[in-house]
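# Fold and contact review
Here are the chains, one letter per residue:
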Amino acid sequence: MRWSLISTLATAVLAVTHARTATTTLAVGLIPVSARELLTILRATALPPLRHDIGHVLHWSAWRRRHQAIAQACHRRWNNSTATAAP
């Protein structure tokens, strides 16, 4: 829920900023700011930098593969139990 709330707030900030700059930049002679450019500005000013060091990437990869293996085993177990219970 936390990430969906942050995404919703970020979208609202981008929409409001885009609406405000679309009307003010035309008078200056600039084109309106795109959503992608606003996101880049937001990342550069407000969001912490992303972690891309090798330790973090390897940890995330191991966690993801472990999570997928557990999900696959649970899915297989569920399918086997429902297949034997079905008439």
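Residues numbered from 1 in each chain as written. Predicted model: local features only at pLDDT ≥ 70, side-chain atom pairs only at ≥ 80, totals over all residues. Heavy atoms only, no water.

### A look at the overall build of the protein
When its secondary structure is counted, the protein shows three helices and zero strands. The N-to-C order of helical and strand elements in the protein reads α-α-α. When burial is assessed residue by residue, the protein has 7% of its 87 residues classed as buried. (Helix = DSSP H or I, 4+ residues; strand = E, 2+ residues; numbered from the N terminus. Buried < 20%, exposed > 50% of the residue type's maximum accessible area, 1.4 Å probe, protein only.)

### Side note on the environment of Pro32
Mapping Pro32 onto the fold places it in the loop between helix H1 (2–28) and helix H2 (35–45). The class for Pro32 is partly exposed, based on a relative accessible area of 34%. A sequence separation of 14 residues divides Pro32 from His18, and the C-alpha atoms of the two residues are 7.3 Å apart.

### A word on the environment of Thr45
Tracing the backbone shows Thr45 in helix H2. In terms of polar contacts, Thr45 uses its side chain to reach the backbone carbonyl oxygen of Ile41, at 2.8 Å. (Polar contact = N/O pair within 3.5 Å; in protein donor to acceptor, adjacent residues only side chain to side chain.)

### Some details on a nonpolar patch on the surface
Nonpolar side chains collect at one region of the surface, where Ile54, Val57 and Leu58 lie side by side and expose about 290 Å² of accessible area between them. In this structure, Val57 sits in helix H3 (residues 54–85). Given a relative accessible area of 36%, Val57 falls into the partly exposed group. (Patch = residues over 30% accessible without salt bridge, like charges linked within 9 Å, V, L, I, M, F, W, Y side chains within 5 Å. Areas by Shrake-Rupley, 256 points an atom, 1.4 Å probe, with all protein chains shown as cover. Salt bridge = Lys/Arg side-chain N within 4 Å of Asp/Glu carboxyl O.)

### Details of the confidence of the model for the protein
On average, residues of the protein score 79 in pLDDT, and 86% of them reach the 70 mark or higher. Within the protein, the lowest mean pLDDT, 70, falls on H1, and the highest, 90, falls on H3. (pLDDT = per-residue confidence, 0-100.)

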